[in-house]
Amino acid sequence: MAAPASHVRRPPWEAGMNILRDWGFEVRCGLEVFQPRAYGVATDRLMARRFEEIWLDPEVKAVLAARAGYGCLNLFPHLDVAALAAAPNRPA
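Residues numbered from 1 in each chain as written. Predicted model: local features only at pLDDT ≥ 70, side-chain atom pairs only at ≥ 80, totals over all residues. Heavy atoms only, no water.

Student: Explanation requested: the layout of surface pockets in the structure shown.
Tutor: Quantified by volume, the largest pocket comes out at close to 460 Å³. For the largest pocket, the lining is made up of 17 residues, of which Glu26, Val27, Arg28, Val60 and Ala62 are closest to its centre. Residues that form the lining of the largest pocket fall into these classes: nine nonpolar, one polar and seven charged. (1 Å grid on protein atoms, 1.4 Å probe; cavity = no way out; pocket = protein on both sides within 12 Å on 5 of 7 lines; lining within 4 Å. Points joined across faces, edges and corners; volume = space filled by probe spheres on them. Nonpolar A, V, L, I, M, F, W, Y, C, P; charged D, E, K, R; others polar.)

Student: Explanation requested: empty space enclosed by the protein in the structure shown.
Tutor: It is a probe the size of a water molecule, rolled over the atoms, that shows where empty space is left. All told, the structure shown has three cavities of 30 Å³ or more when counted by the stated rule. Taken as a whole, the largest cavity encloses approximately 60 Å³ of empty space. If you go around the largest cavity, the residues you meet are Pro4, Ala5, Arg37, Ala38, Tyr39, Gly40, Thr43, Asp44, Met47, Gly71, Asn74 and Leu75. Broken down by element, the lining of the largest cavity gets its largest block of residues, three residues, from helix H2 (residues 41-56). Residue composition of the lining of the largest cavity, by class: six nonpolar, four polar and two charged. In this model, the second largest cavity occupies a volume close to 40 Å³. In terms of lining, the second largest cavity is formed by Ala2, Ala3, Pro4, Glu32, Met47, Arg50 and Phe51. Each residue belonging to the lining of the second largest cavity can be placed in one class, and the counts come to five nonpolar, no polar and two charged. (Helix = DSSP H or I, 4+ residues; strand = E, 2+ residues; numbered from the N terminus.)

Student: Whenever I open this one, the environment of arginine 10 confuses me. Can you help?
Tutor: Among the secondary structure elements, arginine 10 is positioned in helix H1 (residues 10-22). Arginine 10 sits in the partly exposed class, given a relative accessible area of 42%. Between the C-alpha atoms of arginine 10 and glutamine 35, which are 25 residues apart in sequence, the distance is 9.7 Å. Those residues in contact with arginine 10 that sit more than four places away from it in its chain are Leu31 and Phe34. (Buried < 20%, exposed > 50% of the residue type's maximum accessible area, 1.4 Å probe, protein only. Contact = heavy atoms within 4.5 Å.)

Student: Please clarify how the nonpolar core should be interpreted in this entry.
Tutor: Across soluble globular proteins, nonpolar side chains have a tendency to be buried as a group. Among the nonpolar cores identified, the biggest contains nine residues, and these are Met1, Ala3, Val8, Trp13, Met17, Leu20, Val27, Val33 and Phe34. The contact partners of phenylalanine 34, leaving out residues within four places of it in the chain, are His7, Val8, Arg10, Trp13 and Cys29. With five residues, the next largest nonpolar core counts Ala48, Leu75, Leu79 and Leu84 among its residues. (Core = buried A, V, L, I, M, F, W, Y, C linked by side-chain atoms within 4.5 Å.)

Student: What is the right way to look at H1 in this model?
Tutor: A turn of α-helix holds 3.6 residues, and therefore any two residues three or four places apart point the same way. The first and last C-alpha atoms of H1 sit 18 Å apart over 13 residues, in line with the 18 Å expected at 1.5 Å per residue. Along H1, the residues that are buried comprise Trp13, Met17 and Leu20. Burial along H1 is one-sided: seen end-on, the buried residues are contained in an arc of 45°. Among the exposed residues of H1, those oriented more than 90 degrees off its buried face are Pro11 and Asp22. Just beyond H1, the residue with positive phi is glycine 24, at close to 100°. (Expected span 1.5 Å × (residues − 1). Arc of directions from axis to C-beta.)

Written out as structure tokens, the structure is:
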């Protein structure tokens, strides 16, 4: 689970993740999903790196965003699109 746009509150997140677990999925996420963050280029770079780490992990079969929003657009300039596209088990 990634939270590229902004953090989420744990109780609603847990409710949603419990549904995914009931469906048989293993759910993983980093602490940044729950931590408020400052806005700016440094945070955008950090969230882009975190997304890449999740996407490139060969054990991860799907990546879901905890929230969507304007913050996601700020990640694009910082993503290594070639590495993401070349990842095994990912659509090209």
